[in-house]
Amino acid sequence: MDFKKQLFCQFSGTSRKQVDSNDPLWVERIELFLSRRSILPPKDDPTEYAAAFEAVYPSQEDRRSYIEQAVTKGTPSFAHRGLAALISSGQVPCIFTTNFDSMIETAATVTDQLLAAPARANLTVAGIDNADRASRCLRESQWPLLAKVHGDFQSVDLKNTSEELATQDLKMRSVLTGACGRFGLIVVGYSGRDQSVMEALTDALKEANAFPSGIVWTCRSASRLLPAVVEFLNAAHSAGVTTSVLECHTFDELIADVLDGIKLPDELEKHVLQEWPSEINKSAPLPTGDHLRFPVLQSSALPLIEWPKFARKIKLSSSLDTRQAQEVLKVSQKMGAVASTGRELAAFGADDDLLVAFAEQGAELAGTIDLNIAEDSWAMGLVYDALVHAICREQALAPRLRRNGHLVVFSHAKRDEDEAAQRERKSLQSGPQAAYSASLTGMIPNHKGFLFNEGARIKLDRVLDGWWCVFEPTTVVRSPQTEDPETQKRHKGVVADWTRERWARRYNNVWAKIIAAWIPLIAREDSGKLQAFGVGERNGVDAKFVISPVPAWSRPSHDHPYFQRA
């Protein structure tokens, strides 16, 4: 990612100080920029790393300098200490690494010094510029050996570009092949991207007694193994070698598990456990005095104080499911919300309108039906639909009811909108428009037919034994209709690029204003009372809500005495 960041800044003219390659938004932008210009192989291509390294540092001297600066900042980790203890205690005879750093030999030097002189391992380190040393160890069984197949950061020759990685030093390759004929193989932290290394491992299968103790290939996810690795493991299995894939998230985790089943000399065990990773999850100390400023997070979630506990019950002569009932109501152009329980409907709206809408299904009023939104999914769906209608009622908002979650959006100007209606709509939208500092509706510039509305996703959620109206500001875009798959793909790209750029510079201060603007729209400015369809009690059953205008805030403990002060 460091290489990609440098290429992005070079070709786009962006200052490196402005780019945070740890930010997912920046990472996405960098990947998109590079993919459109074909500067590198496709993302996750086996040659991607080597190509990026060579593109940023064309000369071998520059690459060696970069690596030297990077690796000299390292310190042996808990896993390095554990591996070094296994080396010094004679339990790991031979290691091959594609890394350039000196972490393993540094750690092994320390563990050796903890043992009496006759018991020390005296690790031999060999790189591609002194491969004869590795050959002698193999020939004379002088273990332990650490062989660096791509070189050491101090080596004159390093292998890191595609051309360099295509071939391996013949002597080092023969050592790797020979060692595979004597030992089992555990692969840790290696992707299999180097063609030369994978070819050497595959050639080892030709030996009569290859990998006598089997092969264990560790990885984070077996589903993401590269094809070259799968091909090698399948070939090894066909050759009669015991093979397995072990999923393991980190090197630290793997070494900790290995050490659980191995006895180390006391001095080595004590040394390794000094670097046992500290616990990450710790209780944060609660404040002991008054704080003028306190690091809390505002959530875009408003508590529901009241919500509908019952709805109108309607009996039908023929059964409908909820989706069918909603379609019937939509076709009738009557206002309301419905959910099916089989041959009965639970509904909100004017009784006369509901009877007209479901006349063909023999609709009859049958009193009311209780709603338990915590237990019955149909009841929760009905109240969810009604909540969105209630938020939009008598406001310049329009409901968008969708299977994957409902939205409310700011309304466009209507074709038959008179001057008074236009003034009222603009007045209702003036506060939010000031918060957004941009148009709430309109057309994407230079793209005819791409209409957008600012809006918010609405969710009815239960947290901390209470019900909440959760809202997430978003931009909704409607692209021109087309049946052509390629055109649809292009349209999706236009929408994704435009919305991403629209929100990219809306930082926390802008988000805070937008969230603050949505609160009175949802909870109303006066009492927090909402009604979905404006139906009087004599005319039907309406969905009524009371929403608190005070959003949720995070804090360490809701019940701690610190928060119960006057």
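Residues numbered from 1 in each chain as written. Predicted model: local features only at pLDDT ≥ 70, side-chain atom pairs only at ≥ 80, totals over all residues. Heavy atoms only, no water.

(A) A look at the packing of aromatic side chains. Scanning the model with the defined rule gives 19 aromatic pairs in all. Ring centres of Phe3 and Tyr57 lie 6.3 Å apart, and the angle between their planes is 75 degrees; on these two criteria the pair is classed as edge-to-face. With Phe3 in helix H1 (residues 2-12) and Tyr57 in the loop between helix H3 (48-56) and helix H4 (60-71), this residue pair connects regions lying 54 residues apart in the sequence. Comparing Phe3 with Tyr57, the two get one shared label, buried. Between Trp503 and Trp511, the ring centres sit 5.0 Å apart and the planes meet at 40 degrees, which makes this aromatic pair tilted. Trp503 gets classed as buried once you look at its relative accessible area, which sits at 15%. Residue Trp511 is classed as partly exposed on the basis of its relative accessible area, which comes to 28%. One aromatic cluster is present, formed by Phe3, Tyr49, Phe53, Tyr57 and Tyr66 through successive ring pairs. Sitting above the plane of the Trp26 ring, Arg29 keeps its charged end 4.7 Å from the centroid. Above the plane of the ring of Trp503 lies Arg506, whose end atom (NZ or CZ) is 4.4 Å from the centre. (Phe/Tyr/Trp six-rings, centres within 6.5 Å; stacked < 30°, edge-to-face > 60°. Helix = DSSP H or I, 4+ residues; strand = E, 2+ residues; numbered from the N terminus. Buried < 20%, exposed > 50% of the residue type's maximum accessible area, 1.4 Å probe, protein only. Lys NZ or Arg CZ within 6 Å of the ring centre and 35° of its normal.)

(B) Layout of the pattern of salt bridges. In the structure shown here, the tally under the stated rule is 22 salt bridges. Asp2 is the salt-bridge partner of Arg16, the closest N and O atoms lying 3.5 Å from each other. Of the two residues, Arg16 sits in the loop between H1 and helix H2 (24-37) while Asp2 sits in helix H1, which places them 14 residues apart along the sequence. Under the relative-accessibility criterion, Arg16 is labelled partly exposed at 41%. Residue classification places Asp2 among the partly exposed residues on the basis of a relative accessible area of 29%. (Salt bridge = Lys/Arg side-chain N within 4 Å of Asp/Glu carboxyl O.)

(C) Representation of unusual backbone geometry in the model. Following Trp143, the chain continues to Pro144 via a peptide bond in cis, the omega torsion being 5 degrees. Looking at the secondary structure, you find Pro144 in the loop between helix H7 (131-140) and strand S3 (145-148). With phi around 60 degrees, Gln333 is a residue other than glycine that occupies positive phi space.

(D) Highlighting the sheet that holds strand S6 (residues 243-247). Spatially, S4-S5-S6 is the arrangement adopted by the three strands of the open sheet, whose pairing is parallel. Strands at the two margins of the open sheet, each flanked by one partner only, are strand S4 (185-187) and S6. Taken pair by pair, the neighbouring strands of this sheet meet at an average axis angle of 15 degrees, ignoring direction. (Pairing = 2+ DSSP bridges. Axes fitted to C-alpha atoms, helices over the stretch in contact; angles between N-to-C directions.)

(E) Representation of the nonpolar core in the model. Of all hydrophobic cores here, the largest spans 49 residues; its most connected members are Phe348, Ile458 and Trp518. Considering each element in turn, this core owes the most residues, 10 residues, to helix H16 (residues 377-392). In this structure, Ile458 is in contact with Tyr384, Leu387, Val388, Ile391, His406, Val408, Cys469, Val470, Phe471 and Ile522, ignoring residues within four places of it in sequence. Core analysis: the second largest hydrophobic core is formed by 35 residues, Ala131, Met198, Ile215 and Trp217 among them. (Core = buried A, V, L, I, M, F, W, Y, C linked by side-chain atoms within 4.5 Å. Contact = heavy atoms within 4.5 Å.)

(F) Quick look at the side chain of Arg500. Its place among the elements puts Arg500 in helix H18 (residues 485-504). Accessibility expressed as a relative area gives 18% for Arg500, which makes it buried. Side chain to side chain, Arg500 and Glu28 meet in a polar contact 3.1 Å long. Aside from chain neighbours lying at most four places away, what touches Arg500 is Leu25, Glu28 and Leu32. (Polar contact = N/O pair within 3.5 Å; in protein donor to acceptor, adjacent residues only side chain to side chain.)

(G) Focus on helix H13 (residues 266-273). Among the residues of H13, Leu268, His271 and Val272 are the ones counted as buried. Projection of H13 onto a plane perpendicular to its axis shows the buried side chains occupying an angular sector of 95 degrees, all on one side. Exposed residues on H13 whose side chains face more than 90 degrees from its buried face are Asp266 and Lys270. The secondary structure elements touched by the buried residues of H13 are helix H5 (78-88), helix H6 (103-113) and helix H12 (251-260). (Arc of directions from axis to C-beta.)

(H) Main features of the pairing of strand S5 (residues 215-219). For S5, the buried fraction is high: four of the five residues fall into the buried class. Bridge count for S4 against S5 is three bridges, and the pairing is parallel. Among the inter-strand pairings, Leu185 is bridged to a residue of S5, identified as Ile215. Crossover connection from S4 via helix H10 (residues 195-204) to parallel S5: handedness right-handed. Bridge count for S5 against S6 is five bridges, and the pairing is parallel. Within S6, the residue paired with Trp217 across the bridge is Val245. Following the backbone out of S5, through helix H11 (residues 227-238) and into the adjacent parallel S6, one traces a crossover that is right-handed. (Right-handed = clockwise from strand over helix to strand, strands pointing away.)

(I) Region of interest: the environment of Ala523. Relative to the helices and strands, Ala523 is located in helix H19 (residues 508-523). Linking Ala523 and Lys489, residues 34 residues apart in sequence, is a C-alpha distance of 38 Å. With near-sequence residues (within four places) excluded, Ala523 lies in contact with Leu302, Gly528, Lys529, Leu530, Ile547, Ser548 and Pro549.

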